[in-house]
Amino acid sequence: MLNTTEKLVSALVKITETSYAINISLPDIEIRVLAVGPNSFLGKTSVINTADAQMEIDLIGISKSEMNKGHAAVSFVSYTNIPSMLNRSFNSETNMEQTLMSTLVSATLPKTTNKTLNKPVNFTLKHTPILNPDHIPSCVYWKETEWVVDGCTLIKTNSSHSVCSCDHLSTFALIMQINPTQSDQLIVLLNTTFVAVGLVFLSLALLTFAIFRGNPRVTNPALINLCISLLLAHLLFLLTQHFLQYIQPKQLVCALLAGVLHFLFLSAFVWMFIEAVLLFITVKSLSKIRSKQKEALIMRCLIVIGYGSSLIVVGMSAALGPNGYGSDKCWLKEDRGFIWSFLGPVYFILACNTILFSLIIFSIMVALTRLNSDVSQIKQMRTIAFKTIAQCIILGCPWILGPFTSSSKVVEILFLVLNSQQGTFIFLVHCVLNQEVRQQYKKLIGVLFIPSESTITEVQMT
């Protein structure tokens with residue numbers, strides 16, 4: 001039906017040197033066509049209205065494209081009688097009780113050679129039912145056989161209307177989740193609980209590293225910065241999801257938060273890679289740099305690499321795909337492959353770490369066969385290798401499940417739990433399982449809670 005209507009509307013469009021509009025109103029459909037030519041006197045933004053919808057589009061800007069040569073046309077169709085079939089198709093795909101809450105609108109650029117939008121198009125849609133103030137609608141578009149939430153962002157909403165900003169033209173509508181399923185409520189609860197627990201253990205790990213910052217056997221700069229990146233990323237993610245209904249309508253804020261999350265999670269993986277490289281160098285040389293000046297210089301270089309490389313990736317992603325940030329969850333949009341600006345570097349780092357850890361294990365095995373090797377030093381290398389390899393598996397491998405979370409609730413819950421507990425695993429591996437840390441904590445507890453000998457003597461004399 002949509003394709004047939006589009007073909008009929010396209011037949012109404014004729015090339016013009018100035019501009020003209022066509023308005024057709026029928027009981028179940030309203031059609032608006034606007035065409036412009038090189039001599040048009042229309043303003044930069046064209047506003048097209050139907051009874052229940054409005055579209056704002058820069059048609060003059062589109063016409064000025066070199067391929068269009070000053071000519072462009074847009075059709076805006078509003079379907080007042082929405083087939084129930086479209087509503088069922090959305091529910092079946094998402095397994096959630098959701099409903100369409102606006103008229104169906106369709107926008108195309110008929111007989112226009114270059115259909116690229118130079119800036120997003122805004123749609124104002126009237127709510128067909130009365131909107132509950134506690135519910136936030138979502139902007140969706142029809143993609144072949146299903147409703148898709150990415151590609152459009154809700155700018156603002158009130159009890160009667162909502163405004164959607166879209167970076168492409170298609171068939172659009174508003175949907176609203178009426179009654180979340182129990183599984184969705186469970187995921188929200190698990191997300192809040194497990195992320196909060198992970199943040200607590202990340203904080204404990206950083207506190208431990210701060211106490212033993214002078215001991216190279218306990219911590220290193222890469223591990224500290226890894227924990228800082230994870231702490232900030234998980235904290236920001238938790239706050240964003242908790243206040244999503246207030247943040248998501250603010251498109252700029254939502255996109256900015258998505259960019260910061262992109263940067264922090266990428267930084268965590270870069271620091272994990274740096275830690276693997278430092279471990280490989282240490283195992284190969286079986287020695288540590290003694291010079292404080294060299295250590296300070298290397299530390300500054302690592303900070304530039306650890307955060308600078310992530311900043312470059314985020315900057316290039318924002319430049320090449322400025323509309324890629326700010327999905328309905330305030331994360332990276334999955335349409336047009338933008339999500340690979342995160343998954344690509346992550347999978348590349350995981351592949352490099354796998355190669356590095358294989359070489360580390362091989363080097364340790366070779367060192368064990370040398371009779372003249374320092375046994376204590378080799379034991380230390382084996383311990384560090386175990387901790388870092390375990391950390392790589394814990395921090396990296398769960399992200400492999402990411403692309404499959406939408407197809408299975410079990411995979412989604414497993415992905416959520418494993419990623420939220422990264423701080424817990426770091427604390428267990430680098431603090432609880434570290435014998436030196438345990439001994440130092442025992443001494444610290446003894447100093448704080450066990451009275452000294454002089455205090456005991458003074459009490460006895462009294």
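Residues numbered from 1 in each chain as written. Predicted model: local features only at pLDDT ≥ 70, side-chain atom pairs only at ≥ 80, totals over all residues. Heavy atoms only, no water.

A.B. asks: Report on the overall build of the protein chain, specifying residues and quantitative values.
C.D. replies: In terms of regular secondary structure, the protein chain is built from 14 helices and 13 strands. Burial analysis of the protein chain (462 residues in total) assigns 45% to the buried set. Here the analysis covers contacts within the protein chain between residues at least 6 apart in sequence; of these, 71% occur between residues at least 24 apart. Entry remark: accessible area of the protein chain is about 24,600 Å², with carbon and sulfur atoms responsible for 64%. (Helix = DSSP H or I, 4+ residues; strand = E, 2+ residues; numbered from the N terminus. Buried < 20%, exposed > 50% of the residue type's maximum accessible area, 1.4 Å probe, protein only. Contact = heavy atoms within 4.5 Å. Areas by Shrake-Rupley, 256 points an atom, 1.4 Å probe, with all protein chains shown as cover.)

A.B. asks: Describe in detail the nonpolar core, supporting the description with residues and values.
C.D. replies: Of all hydrophobic cores here, the largest spans 49 residues; its most connected members are Leu-226, Phe-269, Phe-342, Val-346, Trp-399 and Ile-426. Ranked by residues supplied to this core, first place goes to helix α7 (residues 251-285) with 13 residues. Ignoring anything within four residues of it in the chain, the contact list for Phe-342 reads His-262, Phe-265, Leu-266, Phe-269, Trp-331, Leu-332 and Trp-399. Within the second largest apolar cluster, 30 residues are counted, among which are Ile-57, Leu-59, Ile-62 and Ala-72. (Core = buried A, V, L, I, M, F, W, Y, C linked by side-chain atoms within 4.5 Å.)

A.B. asks: So, helix α12 (residues 422-432): which residues are in play, and what are the values?
C.D. replies: By the criterion of burial, α12 is predominantly enclosed, with 8 of the 11 residues buried. Along α12, the residues that are buried comprise Gln-422, Gly-423, Thr-424, Ile-426, Phe-427, Val-429, His-430 and Cys-431.

A.B. asks: Can you break down the state of the cysteines residue by residue, with the values?
C.D. replies: Under the definition given, this model contains 3 disulfides. Between the sulfur atoms of Cys-152 and its disulfide partner Cys-166 the distance amounts to 2.0 Å. Taking the sign of the torsion about the S-S bond as the criterion, the disulfide between Cys-152 and Cys-166, at about 120°, is right-handed. In this pair, Cys-152 sits in strand β11 (residues 152-157) while Cys-166 sits in strand β12 (residues 161-166), placing the two residues 14 residues apart along the sequence. Like Cys-166, Cys-152 is buried. Here Cys-254 pairs with Cys-330 through a disulfide, and the sulfurs are 2.1 Å apart. (Disulfide = S-S within 2.5 Å.)

A.B. asks: Could you give an account of the pattern of salt bridges, with specific residues and numbers?
C.D. replies: Taken as a whole and judged by the stated rule, the model has 1 salt bridge. When the shortest N-O distance is used, the salt bridge between Arg-32 and Glu-30 registers 3.0 Å. Residue Arg-32 shares its accessibility class with Glu-30, and that shared class is buried. (Salt bridge = Lys/Arg side-chain N within 4 Å of Asp/Glu carboxyl O.)

A.B. asks: Please give an account of the sheet that holds β11 that cites residues and values.
C.D. replies: Spatially, the 5 strands line up as an open sheet ordered β3-β4-β8-β12-β11, and their pairing is antiparallel. Strand pairing shows two members of the sheet lacking a second neighbour, β3 (46-49) and β11, which therefore form its edges. Averaged over all pairs of adjacent strands, the angle between strand axes in this sheet comes to 20°, irrespective of strand direction. Of the strand pairs in this sheet, strand β8 (residues 121-126) and β12 are connected by 6 bridges, and their pairing is antiparallel. Of the residues in β12, the one forming a bridge with Val-121 is Cys-166. (Pairing = 2+ DSSP bridges. Axes fitted to C-alpha atoms, helices over the stretch in contact; angles between N-to-C directions.)

A.B. asks: Describe the pairing of β8, and please don't skip the residues or the numbers.
C.D. replies: Here strand β4 (residues 53-57) runs beside β8; their pairing, made up of 4 bridges, is antiparallel. Within β8, the position partnered with Ala-53 by the bridge is Leu-125.

A.B. asks: Got a sec to walk through unusual backbone geometry? Specific residues and values, please.
C.D. replies: Non-glycine residue Lys-69 carries a positive phi angle of around 55°. Along the chain, Lys-69 falls in the loop between α2 (59-63) and β5 (72-79). Given a relative accessible area of 65%, Lys-69 falls into the exposed group. For Lys-111, which is not glycine, the phi torsion reads 50° and is therefore positive. Secondary-structure assignment places Lys-111 in the loop between β7 (104-108) and β8.

A.B. asks: How would you explain the UniProt feature "transmembrane region" (unreviewed entry) in the protein chain if you had to name every residue and give the values?
C.D. replies: Residues annotated in UniProt with the feature "transmembrane region" (unreviewed entry) correspond here to residues 186-211, 223-244, 256-281, 302-325, 345-371, 383-401 and 413-433. As a span, residues 256-281 carries 100% helix and 0% strand, and end to end its C-alpha atoms are 37 Å apart. (UniProt positions renumbered as here; feature names shortened; annotations may be inferred.)

A.B. asks: Account for the side chain of Thr-208, naming residues and giving values.
C.D. replies: Position of Thr-208 relative to the elements: it lies in helix α4 (residues 182-211). Residue Thr-208 is classed as buried on the basis of its relative accessible area of 0%. Beyond its immediate stretch of four places on either side in the chain, Thr-208 contacts Phe-427, Cys-431, Val-437 and Tyr-441.

A.B. asks: A description of the environment of Pro-129 should follow, citing residues and the corresponding values.
C.D. replies: In this structure, Pro-129 sits in the loop between β8 and β9 (138-143). Note on Pro-129: relative accessible area 34%, which makes it partly exposed. Remark: the alpha-carbon pair of Pro-129 and Ser-160, spanning 31 residues in sequence, is separated by 8.5 Å.

A.B. asks: Before we move on, could you go through the packing of helix α5 (residues 221-242) against α12 and cite the residues and values that matter?
C.D. replies: Between α5 and α12, the shortest axis-to-axis distance is 10 Å and the interhelical angle comes to 155°. With respect to their mutual orientation, α5 and α12 come out roughly antiparallel. Here α5 and α12 pass one another in a crossing that is left-handed. Across the interface between the two elements, Leu-223, Leu-226, Cys-227, Leu-230 and His-234 of α5 pack against Gln-422, Ile-426 and His-430 of α12. In the contact of α5 with α12, the residues fall into 5 nonpolar, 3 polar and no charged. (Parallel < 35°, antiparallel > 145°, perpendicular 65-115°, else oblique. Left-handed = near helix turned anticlockwise from the far one by under 90°. Nonpolar A, V, L, I, M, F, W, Y, C, P; charged D, E, K, R; others polar.)

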